[in-house]
Every structure is written in C-alpha cells, then in structure tokens.
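# Analysis of the macromolecular model
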Amino acid sequence: AQSVTQLDSHVSVSEGTPVLLRCNYSSSYSPSLFWYVQHPNKGLQLLLKYTSAATLVKGINGFEAEFKKSETSFHLTKPSAHMSDAAEYFCVVSERRDDKIIFGKGTRLHILP
Amino acid sequence: EPEVTQTPSHQVTQMGQEVILRCVPISNHLYFYWYRQILGQKVEFLVSFYNNEISEKSEIFDDQFSVERPDGSNFTLKIRSTKLEDSAMYFCASSEIPGVGTEAFFGQGTRLTVV
C-alpha cells in the first residue's frame, strides 16, 4: 500500500534563506509524486510533479524537488524564501493501479522577516 | 485555464440535516474525487468515482455519504444526516485516467459547518 510521510509539521525560515520540506514515501509500484500548496483560505494548487522523466523536477515559484529512489524521498526545496511562500505544503503520492491519491499530513511553512 | 468549481463556498447546517455539496469537474476528465480536511488536520480521501460508479472509498465514507453525477457535468456529495464531526473543508477534484504523472485538479473547497 502506498503512503507518504512528511517529517516536519512546521518549518520556520527567515526570508531570503533556503527552504527544505521533507517527504518520504512508500510505494509498491512506480509512484507518481506531487507537491501541492494551500494558502490560507484557498484551495490546493499543484506546485510540481514527478513523472519519471527526470529526477529533478522544477515547479512554480522557484520550487524544486528531487526524486531519490534509494532514499524513497521527494524533498521540496527553494534557494531563497519569500514572504508569499508562507502556506501549507502537501506531499502527495499516487500509483497507477490505485484510484486514489494519498496526502501527507502537511508541513506549514512560516517565513520570518 | 480550465478549473474545478465548487458551490457553495461555505455552508452552515443544523445537525441532522441533509446537505449536498456541488462540484463541476473539468469537462474532459474521467475520474472524480472528494476529499475532506478537518480544521488543523490532514487532507483525507473520501471517495473516487469513475464510469458512473464508485471506484474506491475510504472507511470515512459510510452509509451517511453518497455521490452522484446527475447530469454529466455536476458531481455531488450528499451527507444524509449531518453530525458535528462532519464540519470540515470538502474538496472536489478531477483527473484524467490515473497514470504516471496524472495530477488531480482541486476546487477551492466548500467549508461545511454543522451546528
């Protein structure tokens, strides 16, 4: 069965410093992996997705994620945080054989001025 | 850009009442989903729907819940007799057939408050 673990429920970084949001997954088959962002009182927006074409995936707003099969990880990074990045971030996994996608518990990113 | 739309954005209902949450998925999508997010908790899978029938459902999706695609465009979630613990944000999503890299597109959500 597929599952996803977000290791930090809250992350705080100063504006202009790097961001690292950690995600580990468990999957019996080749998974699809996604990061979604949810700003306060907003819906869920796709940041980026891993589709097996490239292990380093670039998304919107300067975010990237690297798929590491040996570590079963899909961590989200950004070189320099901006105040507008403050939001909840969800790592999501799906498998082709399953008719559902599974969310991690989310990581709330706080940006300090 | 096509998007998933949900109505209403906020619904307040009395305990024991029936509610219907409405969603219009992206027109060429074939899979439809409902998720919920209780305040401060994770986003939880409720149900997926394909070819006019439930494809998969979670243990949360009990007999009080039902889904329907009544007219080929709307996708509804009905809660027959609401409980206080049904208060949550409900997200509808749609996708093409699940596959490598097939993402789900989410609506803005309906905040359900049961009083």
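Please read these numbers as outputs of a predicted model, since none were measured by experiment.

This paragraph deals with the overall build of chain B. Helix and strand counts for chain B come out as zero helices and 11 strands. In chain B, the succession of α and β elements from N to C terminus is β-β-β-β-β-β-β-β-β-β-β. For chain B, the C-alpha radius of gyration of 13 Å lies close to 13 Å, the compact-globule estimate for 115 residues. Along the first, second and third principal axes, the C-alpha atoms of chain B reach 40 × 25 × 25 Å. Each of the 115 residues in chain B was classed as buried or not, and the buried ones make up 49%. Contacts in chain B between residues far apart in sequence, at least 24 positions, make up 54% of those at least 6 positions apart. When the accessible surface of chain B is split by element, carbon and sulfur atoms take 45% of a total near 5700 Å². With 9 positive and 15 negative side-chain charges, chain B shows a separation of 6 Å between the mean positions of the two kinds.

A few words on the nonpolar core. Ranked by internal contacts, the top residues of the largest apolar core, which has 27 residues, are Trp35, Leu48, Phe74, Leu76 and Tyr89 of chain A. With four residues, strand E10 (residues 87–95) of chain A is the single largest residue contributor to this core. Membership of the second largest hydrophobic core comes to 23 residues, among which are Cys23, Ile38, Leu77 and Tyr90 of chain B.

Glancing now at the pairing of strand E8 (residues 75–79) of chain B. In regular strands, side chains alternate between the two faces of the sheet. Residue and element names in this part refer to chain B. Among the five residues that make up E8, four are buried, leaving the element largely enclosed by the rest of the structure. For strand E7 (residues 65–68) and E8, the ladder comprises four bridges, and the chain directions are antiparallel. If you follow Ser66 over to E8, its bridge partner there is Lys78. Turn length for the E7-E8 hairpin, with the two strands adjacent in sequence and antiparallel, is six residues, and the turn residue Gly72 shows positive phi of about 85 degrees.

Residue and element names in this part refer to chain B. By the alternation rule, side chains of strand E3 (residues 19–24) split into Val19, Leu21 and Cys23, which are all buried, and Ile20, Arg22 and Val24, of which none is buried. In this sheet, E3 lies alongside strand E1 (residues 5–7) in antiparallel orientation, the contact comprising three bridges. Bridge pairing in E3 places Thr5 opposite Val24. Sheet topology note: the E3/E8 ladder contains five bridges and is antiparallel. Across the sheet, residue Ile20 finds its bridge partner in E8, namely Lys78.

Conventions we followed
Residues numbered from 1 in each chain as written. Chains lettered and ligands numbered in written order. Predicted model: local features only at pLDDT ≥ 70, side-chain atom pairs only at ≥ 80, totals over all residues. Heavy atoms only, no water. Helix = DSSP H or I, 4+ residues; strand = E, 2+ residues; numbered from the N terminus. Rg over C-alpha atoms; globule rule 2.2 N^0.38 Å. Buried < 20%, exposed > 50% of the residue type's maximum accessible area, 1.4 Å probe, protein only. Contact = heavy atoms within 4.5 Å. Areas by Shrake-Rupley, 256 points an atom, 1.4 Å probe, with all protein chains shown as cover. Lys, Arg positive; Asp, Glu negative; His and termini not counted. Charge placed at Lys NZ, Arg CZ, Asp CG, Glu CD. Core = buried A, V, L, I, M, F, W, Y, C linked by side-chain atoms within 4.5 Å. Pairing = 2+ DSSP bridges.

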